[in-house]
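So the chains spell out like this:
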Amino acid sequence: MRILHLSDLHYGKKYQHKIERMLPSFLDKLDQVNNCGKIDLIVFTGDLVWSVNRIEDFDEVNEMFIKPILERISLESIDFIICPGNHDMTNQTDLPAIKDYIDKFSNNSELDAFVETHDAQFDLSYNKSENYLKFIKDYYPKDNTQQLFHTFERNIKGRNIGIVSFHTAWRSFIGEDSGHLLIPLKTVYEASSLIKNNDLCISLMHHSLSDLKLFNKYEVEDVIYEKFHINFSGHYHKKKQEVVFTHDIGMLSISSMASMSGNDGSTIGFSIVDVDIDTFDISIDNYGYIYDDNVFVEKSTINHNIPMNKRKSQQIKILKSLKAFRHEILHEANSLLINYEEIGEKTFLDFFNNPVLKKESYYESIESQSKLPKIDMHELNASNFIVYGKDKFGKTSLLRRVQLYLIDSFIKNKTIPIYIDLNNINSIKNYNLHKEIIKIFHVSKSNALKLIEEYKFHILMDNFSETRTTHLEVLENIHTTIKNYLVTLTSEENQESYIGNGNICGTQFEKLFIHPVTRKRIRSHASCLLTDCDSEKTQEIIQKAISLFGQMNIPFNYWHLSLFVWIHKKESSISLSDNVEMLTLYVDKLLEREQIAKFDKDIDYELFKKLLGELSYNLISQYKDDNYSISYLELFSFITSFKERNIRFITDEQEIIDYLLDKGVLKKIRSVNRYTFRLNGVMEYFTAIYMVEHPEFTDRIIESDEYFLVFANEIEILAGLNRKNIDLLKKVHNKVDNALGELNGTYNQNPDIFLSEKIQDSNVLAKTIAGINVEKQIAIPLEQQDEIFDGIRPVQDFNEEVQVKEPIPLDKEYSLSQLDKHVFILARAFRGLSLIDDEQQMNLTFELIINSYINIGFEFFNEIEFITEKNEVAIEKRIINLLTSFIPIATQMMISEALLHKTLTRFIDKQIKNYEEDIENNQYKLMILYFMMLDTDLRKNQGFIDDIKDNISMLSLKNISIVKFMYLVLFKSNGDKSLEDKLKKAIVELQLTLNPKADKGQLIQTIERKLLSKP
């Protein structure tokens, strides 16, 4: 902790000119000091004022001196701790009889009895302190402010600090201090007992203990030295620091300079005291004032160690070793960060987010629908645990965080944390706990054994597997070596994780599982990483991460999210709506493209990707029965064969395998001792890489009714990798056109006609919508949106592991969802093929996509009508009919999700202009395209709000336009008041058209009269 020590301001007319001259310079220097290290506490050891005959004098010094200091270094009033000085008393003197009576005391018993009796004589002796006491009681309303002492307890950086302010000025008279002062011994005992349970105990007194009467001094001195760690004082306007030793732990006594005033010979300045509460190392920086230059400069630095007994000294030595070890641990933890070379002054601790730990797995909790509470990370220090988690779910980060926590809380928990990465231990001979202790604490073997005997250990074992003999041997070794210990294991989550009772090597372990992150945690982590982005941009990045990860089966965890954000920050020119570019950059980072060259300077990265592309195809074509997995020998032989076909590929087979495993591109399935891609999305990417060079394979997929749909992601990636591939667009177009030929042929009329026929009860819905009070509709905060969507649709609703592509049965017609998937594939291919210049083909494909989605919606109408006809309950029929009204907006949102890309905005705008040539007969398509433009960029394209309001005349489309506008207000306006008002204005104007017979004046008043008056 960092303490600013001030004293002897003497605020008042005598020194007013000096203080006014020095204060700005003092505050500037204080600013510099605080920027180098945050000041946590200010202690002022008396003489705030020159003389105080009015209580208002204290109020004035508070406004002119104390508050400016606190504001400058961002502290609260309770962080400024004061003790009284002789100048803080009134000028009145004791009655001679009172003074004579007290001066006759010759021992502490008489003094204690006088104070304890607290009669009229004591009150008279205290009269001159009343103004000060009244100010102090008002200033510290929640602290213990007694007449002869005040006690304060503060928590600073997690440590409890106890402070006693002693009233040494009680018996002080100007010029008569030395050897005349008194502090009742009983008062010292009482005050110290009130703060004894704190980590650091500080006493404040204006005068030195040497100013006490001899009979009083020695006993008070003994108690102060024994009960306090630091004593701050003032009065003499000279800096003085000395160390006092007692039987257990010593005390440092610090006397400060005068802050900004003083008589001849006074030293003006202040001190900064840095205290390591754990090791009792203290550094004091003294700053002095140069009058001629009106500046404060650092004069000296003094380092102290508060002395202590032998046992305490040994504990401090251990603590210092742990603190040094902490720097190594933090460096290793920093290396876990994606961007650790670019984090500047921040560390692993700034970016760490607590994982969601529960006693059942994510999938078990879904099946059982249980709501088990989360386990706090700190609870891991209460028992033996085995923590299961998917790859990259933060198991290593969790252990490193626990290790740092235990080091930081060593004084409290007395636990030494040891981290062991079992991946680095091939044999029990390679591990020796004694050597680890010797390395950390720099002790002999015999002292290492003593540490093991005396202290509790928490062993943090990473990458544990019950099937590995060496891992079990290390655990056994821990059991036989250490008497008092806990163990936390981390292990890969798999099917075996869910069975077994947690008994390993005779020790019972509680099972915990790391759950995928939620939207709320995604936002928290992204906001931490995106400090240079506003909330709108952060939201855009979060939404894209959720969309991309979900489509490509990339697990939702902090590592992948950090990687995604890092890619965005490094490649800010990349469009967030471009899945393939983002995925390519993701794979490049996953492979550590810049490190590939370290194998050999002549290696070609694209050749390396070609290897993985051919591996992916090899698994698909030959290893389906093995779930796309391959034995080590087969993998080795495959790489050898690839090298033979590619003469420039010269890297060693084993080096390649090790690298791919290390980077998490491939993984070993230990249960069957085979290898496959770690993530399904990564395998799909490399399959697309293969398809680029092998169009015959692409043709087989497109032509196959059985496999076309299951290669949806690969086709989208292929389009993004070869953006000029007009042949791909034509082939996919024809495939989809054929698949939806019958459906599209059924609805080959103007969609507006079908819509009018299909949607019933538009008038009923219109009455409901017209009555909605828009004024009450306000944007939902993003954090609340996260909770809503997490409850509706959790982000991790897929299995990220490699999935075997099963053919679609051909014994029946395509379902609606399968037809929808056809159009989705075409839309994504169209979106990715951004460099084709065949405008005629673009128009044909765009028209096919829009018409197909609209007609799928119409077919859904037919299914609902069939359900309605079978339903005999009238009220349920009305509900079903009402739901059909929302199909057009669902269709529009599906089209936006499948097709939308910022590079298509000019193309869509051109289509809009074409349709606007006949507005009355293109209502449905115009509504879809208008909202697509709003979905692309709501703020930039807000002019289309007016187009919707002015051009959409069909009642059913007006209804859903209002609903969509409501959605945009609630979920997309994100605090933009002008945009929110524009949307509300459009809603109100549309509401008025829904019910033209309504009392418009009354309706406007109900909703918001002022809204329509805005330009």
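Residues numbered from 1 in each chain as written. Predicted model: local features only at pLDDT ≥ 70, side-chain atom pairs only at ≥ 80, totals over all residues. Heavy atoms only, no water.

(A) Quick look at the overall build of the chain. Regarding its fold elements, the chain presents 43 helices and 23 strands. With 1015 residues in all, the chain has 56% of them scored as buried. Put simply, of all contacts in the chain between residues at least 6 apart along the chain, 72% involve residues at least 24 apart. Accessible surface computed for the chain: about 45,500 Å², of which carbon and sulfur atoms make up 48%. (Helix = DSSP H or I, 4+ residues; strand = E, 2+ residues; numbered from the N terminus. Buried < 20%, exposed > 50% of the residue type's maximum accessible area, 1.4 Å probe, protein only. Contact = heavy atoms within 4.5 Å. Areas by Shrake-Rupley, 256 points an atom, 1.4 Å probe, with all protein chains shown as cover.)

(B) Structural view of the confidence of the model for the chain. In this model, the chain carries an average pLDDT of 85, and 89% of its residues clear a pLDDT of 70 or more. Confidence, read as mean pLDDT per element, is least for helix α43 (residues 1009-1013) in the chain (42) and greatest for helix α28 (residues 726-739) (97). (pLDDT = per-residue confidence, 0-100.)

(C) Spotlight on the packing of aromatic side chains. Across all of its chains, the model carries 49 aromatic pairs by this definition. Aromatic pair Tyr617 and Tyr690: ring centres 4.2 Å apart, planes at 10°, arrangement stacked. Of this pair, Tyr617 sits in helix α22 (residues 605-622) while Tyr690 sits in helix α25 (residues 680-693); the two residues are 73 residues apart in sequence, bridging distant segments of the chain. Of the residues examined, Tyr617 reaches a relative accessible area of 21% and is grouped as partly exposed. A centroid spacing of 5.5 Å and a plane angle of 50° characterise the contact between Phe789 and Phe971, whose relative ring orientation is tilted. Residue Phe789 is found in helix α32 (residues 782-792), and its partner Phe971 is found in helix α40 (residues 955-971); the two are separated by 182 residues along the sequence. In this structure Phe789 comes out as partly exposed when scored by relative accessible area, which is 28%. For Phe971, a relative accessible area of 14% translates into the label buried. Put simply, the rings of Phe26, Phe44, Phe65, Phe80, Phe270, Tyr287, Tyr289, Tyr291 and Phe296 touch in pairs and so form one group of aromatic residues. Positioned over the ring face of Tyr291 is Arg21, at 4.4 Å from the centre of the ring. (Phe/Tyr/Trp six-rings, centres within 6.5 Å; stacked < 30°, edge-to-face > 60°. Lys NZ or Arg CZ within 6 Å of the ring centre and 35° of its normal.)

(D) Structural context of the sheet that holds strand β3 (residues 80-83). If you walk across this open sheet you meet the six strands as β3-β2-β1-β11-β12-β13, and the pairing is mixed. This sheet does not close on itself; its edge strands, each paired only once, are β3 and β13 (295-305). With direction set aside, neighbouring strand axes in the sheet form an average angle of 20°. Across four bridges, the pairing between strand β1 (residues 2-6) and strand β2 (residues 41-45) is parallel. (Pairing = 2+ DSSP bridges. Axes fitted to C-alpha atoms, helices over the stretch in contact; angles between N-to-C directions.)

(E) Focus on the nonpolar core. Grouped together as the largest cluster of nonpolar side chains are 217 residues, with contacts concentrated most on Ile418, Phe457, Tyr586, Phe677 and Phe965. Grouped together as the second largest cluster of nonpolar side chains are 67 residues, Leu70, Ile82, Leu200 and Leu204 included. (Core = buried A, V, L, I, M, F, W, Y, C linked by side-chain atoms within 4.5 Å.)

(F) Just the sheet that holds strand β17 (residues 456-462), in detail. Taken in spatial order, the six strands line up as β14-β21-β15-β18-β17-β16 in an open sheet, and their pairing is mixed. Edge strands, defined here as strands with exactly one partner in the open sheet, are β14 (356-358) and β16 (415-421). Ignoring which end each strand starts from, the neighbouring axes of this sheet average 20° apart. Contacting β14, β15 (385-389), β16, β17, β18 (485-492) and β21 (510-515), helix α12 (residues 395-408) runs over the sheet at an angle of about 155° to β16.

(G) Summary view of the packing of helix α37 (residues 905-915) against helix α38 (residues 923-936). Two elements in contact, α37 and α38, have axes separated by 10 Å at closest approach and are oriented at 155°. As far as their axial angle goes, α38 and α37 are roughly antiparallel. Handedness of the α37/α38 crossing: left-handed. Touching Thr905, Ile908, Asp909, Gln911, Ile912 and Tyr915 of α37 are Lys925, Leu926, Leu929, Tyr930, Met932, Met933 and Thr936, all from α38. Broken down by class, the residue content of the contact of α37 with α38 amounts to eight nonpolar, three polar and two charged. (Parallel < 35°, antiparallel > 145°, perpendicular 65-115°, else oblique. Left-handed = near helix turned anticlockwise from the far one by under 90°. Nonpolar A, V, L, I, M, F, W, Y, C, P; charged D, E, K, R; others polar.)

(H) Fine view of the environment of Glu980. The topology assignment puts Glu980 in helix α41 (residues 977-994). Taking the C-alpha atoms as reference points, Glu980 and Leu970, separated by ten residues in sequence, lie 8.8 Å from one another. Residues contacting Glu980, with those up to four places away along its chain left out, are Gln777, Ile778, Ala779, Val969 and Ser973.

(I) Representation of the environment of Tyr225 in the model. By secondary structure assignment, the location of Tyr225 is in helix α8 (residues 214-227). Using a relative accessible area of 15% as the deciding quantity, one classes Tyr225 as buried. Residues Tyr225 and Ser253, spaced 28 residues apart in sequence, show a C-alpha to C-alpha distance of 9.2 Å.

(J) Spatial organisation of the pairing of β18. Within β18, seven of the eight residues are buried, which leaves the element mostly enclosed by the surrounding structure. Sheet analysis places β17 next to β18, joined by five bridges and oriented parallel. Directly across from Met461, in β18, lies its bridge partner Leu489. Once the chain exits β17 it traverses helix α16 (residues 469-481) before rejoining the sheet at β18, and the crossover so formed is right-handed. (Right-handed = clockwise from strand over helix to strand, strands pointing away.)

(K) Expanded view of helix α17 (residues 519-529). Within α17 the residues assigned to the buried category are Arg519, Ile522, Arg523, His525, Ala526, Cys528 and Leu529. On the buried face of α17, the contacting elements are α10 (348-351), α18 (535-552), α19 (558-570) and α32.

(L) Fine view of the side chain of Asn62. Examined against the element boundaries, Asn62 turns out to sit in helix α2 (residues 56-72). Ignoring anything within four residues of it in the chain, the contact list for Asn62 reads Lys67, Pro68, Phe135 and Tyr139.

(M) View of helix α1 (residues 16-36). If you check α1, its first and last C-alpha atoms are 30 Å apart, about what 21 residues at 1.5 Å a residue would give, namely 30 Å. The principal kink in α1, of about 35°, is found at Met22, preceding the proline Pro24 by one to four residues. By the burial criterion, the buried members of α1 are Gln16, Ile19, Met22, Leu23, Ser25, Phe26, Leu27, Lys29, Leu30, Val33 and Asn34. The secondary structure elements touched by the buried residues of α1 are β1, α2, β11 (269-275), β12 (281-290) and β13. (Expected span 1.5 Å × (residues − 1). Bend = angle between axes of the 7 residues up to and from the residue.)

(N) View of the pattern of salt bridges. Using the criterion set out here, one finds 51 salt bridges in the structure. Salt-bridge contacts for Lys67 lead to Glu63; the nearest nitrogen and oxygen are separated by 2.6 Å. Note that Lys67 and Glu63 are positioned in helix α2 at a spacing of four residues, about one turn of the helix. Given a relative accessible area of 32%, Lys67 falls into the partly exposed group. The exposure class of Glu63 is partly exposed, given its relative accessible area of 44%. For the salt bridge of Glu839 with Lys910, the shortest nitrogen-to-oxygen distance reads 2.5 Å. Of this pair, Glu839 sits in helix α34 (residues 839-870) while Lys910 sits in helix α37, and the two are 71 residues apart along the sequence. (Salt bridge = Lys/Arg side-chain N within 4 Å of Asp/Glu carboxyl O.)

(O) The side chain of Asp143, seen in detail. Assignment of secondary structure puts Asp143 in the loop between α6 (130-139) and β4 (144-145). For Asp143, a relative accessible area of 18% puts it in the buried group. If sequence neighbours within four positions are ignored, Asp143 has contacts with Thr151, Phe152, Glu153 and Arg154.

(P) Layout of the packing of α18 against α19. It is at 11 Å that the axes of α18 and α19 come closest, and there the two elements cross at 125°. On the basis of the axis angle, α18 is oblique to α19. In the packing of α18 onto α19, the handedness of the crossing is right-handed. Residues Lys537, Ile541, Lys544, Ala545, Leu548 and Phe549 of α18 touch α19, and the partners they reach there are His560, Leu561, Phe564, Val565 and His568.

(Q) Summary view of unusual backbone geometry. Backbone geometry places Asp8, a non-glycine residue, at a positive phi of 50°. On the secondary structure map, Asp8 appears in the loop between β1 and α1. Even without being a glycine, Phe280 presents a positive backbone phi close to 60°. Locating Phe280 in the fold gives a position in the loop between β11 and β12.

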